[in-house]
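Fold and geometry: a report
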Amino acid sequence: MGGFFGVASKEDCVFDLFFGIDYHSHLGTRRGGMAVLGEKGFDRAIHNIENSPFRTKFDKDFQEMEGNLGIGCISDYESQPLIIRSIHGTYAITTVSKINNMDELTQDLYKHGHTHFQEMSGGDINATELVATLIDQKDNLIDGINYALDKVDGSLSLLLMNENGIYAARDKQGRTPITIGRKEGSFCASFENFAYKNLGYTDYKELGPGEIVVMTPKNCITLSDPNSDMKICTFLWVYYGYTASSYEGINVEQMRYNCGAKMAQRDNVQPDIVAGVPDSGIAHAVGYANESGIPFSRPFIKYTPTWPRSFMPTVQSKRDLIAKMKLLAVEELIRDKSLLLIDDSIVRGTQLRETTEFLYKSGAKEVHIRPACPPLLYGCKYLNFSRSTSEMDLITRRVIARLENGNVTDEVLQEYVDPESEKYEKMVEEIRKELNFTSLRFNRLDDMLDAVGIDKCKLCTYCWDGKE
């Protein structure tokens, strides 16, 4: 995944930029970057943040950088922002993207005279460099940005900074958000709108799908009008988004409360307590508990001082180990109890199986699992939700492959999408047995979308139902 932040200010912007980027640390774990533009020109810093948080790695840069324009990011993959010298002059650029047609775009650029790209350590091309090259195919920046948005298959939102200001462009389908904040003498652009609230900014506007604006310390001007169609990622509310954030006017925490309540309305199990897997499962569990009247409790606590996130390591086996090590049991709340546990989702199933075994060993009598979203049947094509190379990493696909003797077509998968179908029930039961849950009931897609509360045609549901 990843997130970005940009500031255009009459005064030095580095304080706001530094903390605005840091507030996106929940969206990425590998690299961070800052670029500023001031009287001395461009200045940039990029650091690996896999073993140390953003604030620690960038403290020295924070003390030394200065400028009134700045952009930066937290990234799970490529190094950025990049400083580009091109036909449009020198500019800095950062992106949040997933480019499915990177090879095709690269070959097309070679055919039209582009000679080389810098190769990253994994052998891939830096996606942000590719986007910059696409922009530079056109005679002006706005045409170039629109061209890049049109050419990318997947998703692309970006910030681009030059001496004229900071250009912000949201993905053509609005799959990821950009919100503009304003305070006296400053404008900012942010993936997460909560990131600027403590810095004194108030909400100015949300960019619409495909909208391009330019920010200066004095104003924010729309250069390309938004599209009417939108497919924002629903998983932003279920999992990615921080609880204080809002997208399209809908707060993440409130949506999760609504989601938990919807789940309780369809359930008939009577556990002793309801609990949520920290952190994203907690609000869902509170909503469930409030609706059902079953007490909410915290039978295990996440140790966050040194392990703030379960998916910090890039190697799956290490991620699973960290997830297990950082959960601390409160055995007095577990022993001889029937627990209903809500997590945001089941992807591979490994971590939730470990958690369930952990609860049994701590004395739990029953563990009922309630994922807050439907079964994930398709790998995401639009966001870097996972770096998995195969959809067979999904527990649902492995179970379906067994049930169908390997004959898994799109038509077959659609039979498993329907929560009223016999095949859906068989899949859920096979997952329950494999992961050793007392019972398993997924949230329904229609209930989850109702919990968001905006027009369903504006929400992307591809990972659950395969519909684009």
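It is worth spelling out the sheet that holds strand S1 (residues 2-9) at this point. The 7 strands are arranged S3-S2-S4-S1-S10-S9-S11 in an open sheet whose pairing can be described as antiparallel. A strand with exactly one partner marks an edge of an open sheet, and here the two such strands are strand S3 (41-48) and strand S11 (202-206). Averaged over neighbouring strand pairs, the angle between their axes works out to 15° when direction is ignored. As judged from the 8 bridges shared by strand S2 (residues 31-38) and S3, these two strands associate in the antiparallel manner. Counterpart to Gly38 in the pairing with S3 is Gly41. Contacting S1, S2, strand S4 (69-75) and strand S9 (179-183), helix H1 (residues 14-22) runs over the sheet at an angle of about 160° to S2.

The next point concerns the packing of aromatic side chains. Geometrically, a pair of aromatic rings is defined through the distance of the ring centres and the angle of the planes. Evaluated as defined, the whole model comprises 20 aromatic pairs. Measuring from ring centre to ring centre gives 4.8 Å for Phe15 and Phe19, while their planes differ by 50°; the resulting arrangement is tilted. Of this pair, Phe15 and Phe19 both sit in helix H1, separated by 4 residues, roughly a single helical turn. An angle of 55° between the planes, with centres 6.0 Å apart, marks the rings of Tyr110 and Phe117 as tilted. Joined through ring pairs, the aromatic side chains of Phe15, Phe18, Phe19, Phe54, Phe58 and Phe62 make up one cluster. Its guanidinium or amino end placed over the ring of Tyr382, Arg175 lies 3.5 Å from that ring's centre, counting from NZ or CZ.

Quick look at the sheet that holds strand S21 (residues 366-371) now. The strand order S17-S20-S21-S22 describes an open sheet built from 4 strands, whose pairing is parallel. Of all the strands in the sheet, just strand S17 (273-276) and strand S22 (439-440) have a single pairing partner and so form its edges. Where S17 meets strand S20 (residues 338-343), 4 bridges bridge the pair, whose relative direction is parallel. Bridging from a neighbouring strand, Gly276 pairs with Ile342 of S20. Each of S20 and S21 is contacted by helix H11 (residues 350-361), which is oriented at about 155° to S21, the strand it contacts most.

Along the chain, the position of Asp343 falls in strand S20. Each C-alpha atom of the pair Asp343 and Ser246 lies 20 Å from the other, and the pair is 97 residues apart in sequence. Apart from the residues within four sequence positions on either side, Asp343 is in contact with Val277, Leu352, Arg370, Pro371 and Ala372.

Taken together, the buried positions of helix H15 (residues 445-452) are Asp447, Met448, Leu449, Ala451 and Val452. Residues of H15 that are buried in the fold lie against helix H7 (235-240), strand S16 (250-251), helix H8 (252-266), strand S23 (459-460) and helix H16 (462-465). Once H15 ends, the next one or two residues include Gly453, with phi positive near 90°.

About the criteria used
Residues numbered from 1 in each chain as written. Predicted model: local features only at pLDDT ≥ 70, side-chain atom pairs only at ≥ 80, totals over all residues. Heavy atoms only, no water. Pairing = 2+ DSSP bridges. Helix = DSSP H or I, 4+ residues; strand = E, 2+ residues; numbered from the N terminus. Axes fitted to C-alpha atoms, helices over the stretch in contact; angles between N-to-C directions. Contact = heavy atoms within 4.5 Å. Phe/Tyr/Trp six-rings, centres within 6.5 Å; stacked < 30°, edge-to-face > 60°. Lys NZ or Arg CZ within 6 Å of the ring centre and 35° of its normal. Buried < 20%, exposed > 50% of the residue type's maximum accessible area, 1.4 Å probe, protein only.

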